[in-house]
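Architecture and fold: a report
Spelled out from the first residue to the last, the chains are:
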Amino acid sequence: MFTFRLLEREADFFMSIKKYLHTGEFRLERGGSLKELEIAYSTFGQLNERKDNVIWVCHALTANSDVADWWPNTVVPGGFLDPDRWFVVCANILGSHYGTTGPLSLDPATGQPYYSSYPDITIRDMVNAHILLADYLGIGEIHAAVGSSLGGFQALEWAVMQPERIKRLVLIATDATVSPWAAALNETQRMIIKADATFGDPAPDAGKTGMAAARALALLSYRGASGYNITQQNTPETPAFSHRVRTYQTHQGEKLCNRYNAYSYVKILDAHDSHDVGRGRESVTKALQGVKAKTLCIGITTDILFTPDEVKRLTAAIPGAVYEEIESEFGHDGFLVEHKKLNGILNDFLKI
């Protein structure tokens, strides 16, 4: 059994984030509501007098609002999220472990954590929470919404929901809907977690053994064969009849368990699979035709989760969108690794 502990870096994070409390009822797309909603967020830089220098970063599955933590070498001078130039905002997503109301938050009706009673959420619910925060911060125009993977789902959905507000849109390794392949990977992860007999217990460490195995599976789709074969070759120190990658998989599973909880993980996987910009809007094509933002879509050559061909089709469906491709051996996770290439592409695209 994994212990549920707060790492030193995570403790520092919770001390530094900002909070917005929405005291009214927050209604959810799939029914139900949250009686109140707390949103954790981080900002970098300063809002200028014209209020036209906002870059809103939408984060991926298990990240937090501290972009400088999980997206290295971007929130730096000369980076595309340069805090001397931009007012960068990132809100922790609904259902997450990192400060926004989620399964470990207290249910006002019972005074106890929600755990498995936390309601179903969607990508649109996440965006509606972003909209509440943007209004609270006095942000009207958003110069650019930037998102990768599940973050791209949010950024695209926001550009469809409020086309006049989002002026530029950066979509990295993402799509307008969830493919059967991606949904199958998520369902397999849920099956693994739910096979852990502790999942469902009213405890913060419930389902941790299952989540470790699920994360190890997910990493195969994040890095792909090329990424693993570059970084996980055996060394002279590797024991005979073994493989270095075995300890890597175990380590990655434990690493997530020491910073996250299985209830949030499952709820966000469910939200991931809810993504379909065409739902209730006639079709995906019709929805994408309503995007008014100047749009840049970026694919990664070895991404097997959101392939370059899928990102190219997304680009073709958005009026005036431009496609760029990053060559990387690190698969879907290339968006986290290839910061120099991203800076080279995005600094020019984002300039006012």
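Predicted model, so just to flag it, every value in this text is computed and none were measured.

**Thoughts on the environment of Asp120**
By the element assignment, Asp120 lies in the loop between strand S6 (87–91) and helix H3 (123–136). Considered as a pair, Asp120 and Asp270 are 150 residues apart in the sequence and their alpha carbons are 7.7 Å apart. Other than its neighbours up to four places away in sequence, Asp120 contacts Leu28, Arg30, Asp125 and Lys267. Here Lys267 takes part through its side chain, which lies 2.8 Å from a polar atom of the side chain of Asp120.

**Some words on the sheet that holds strand S7 (residues 144–148)**
Across the sheet, eight strands lie side by side as S1-S4-S6-S5-S7-S8-S9-S10; this open sheet has mixed pairing. Each edge of the open sheet carries a strand with a single partner, namely strand S1 (18–22) and strand S10 (322–326). For this sheet, the mean inter-axis angle between neighbouring strands, taken without regard to orientation, is 20°. Bridge analysis of strand S4 (residues 37–44) against S6 gives four bridges, and the strand direction is antiparallel.

**Brief notes about a negative patch on the surface**
A cluster of acidic residues, Asp309, Glu325, Glu327 and Glu329, forms a negative patch on the protein surface. Relative to the assigned elements, Glu329 resides in the loop between S10 and helix H11 (334–337). Taking relative accessible area as the criterion, Glu329 reaches 39% and is therefore assigned partly exposed.

**Some thoughts on the packing of aromatic side chains**
Counted according to the given criterion, the structure contains twelve aromatic pairs. Seen in terms of ring centroids, Tyr20 and Tyr136 are 4.3 Å apart; in terms of plane orientation they differ by 25°. Their pairing is stacked. Of the two residues, Tyr20 sits in strand S1 while Tyr136 sits in helix H3, which places them 116 residues apart along the sequence. By relative accessible area, Tyr20 is classed as buried at 13%. Overall, Tyr136 belongs to the partly exposed group, its relative accessible area being 47%.

Thresholds, definitions, all that
Residues numbered from 1 in each chain as written. Predicted model: local features only at pLDDT ≥ 70, side-chain atom pairs only at ≥ 80, totals over all residues. Heavy atoms only, no water. Helix = DSSP H or I, 4+ residues; strand = E, 2+ residues; numbered from the N terminus. Contact = heavy atoms within 4.5 Å. Polar contact = N/O pair within 3.5 Å; in protein donor to acceptor, adjacent residues only side chain to side chain. Pairing = 2+ DSSP bridges. Axes fitted to C-alpha atoms, helices over the stretch in contact; angles between N-to-C directions. Patch = residues over 30% accessible without salt bridge, like charges linked within 9 Å, V, L, I, M, F, W, Y side chains within 5 Å. Areas by Shrake-Rupley, 256 points an atom, 1.4 Å probe, with all protein chains shown as cover. Salt bridge = Lys/Arg side-chain N within 4 Å of Asp/Glu carboxyl O. Lys, Arg positive; Asp, Glu negative; His and termini not counted. Charge placed at Lys NZ, Arg CZ, Asp CG, Glu CD. Buried < 20%, exposed > 50% of the residue type's maximum accessible area, 1.4 Å probe, protein only. Phe/Tyr/Trp six-rings, centres within 6.5 Å; stacked < 30°, edge-to-face > 60°.

Read these as geometric descriptors, not functional statements.
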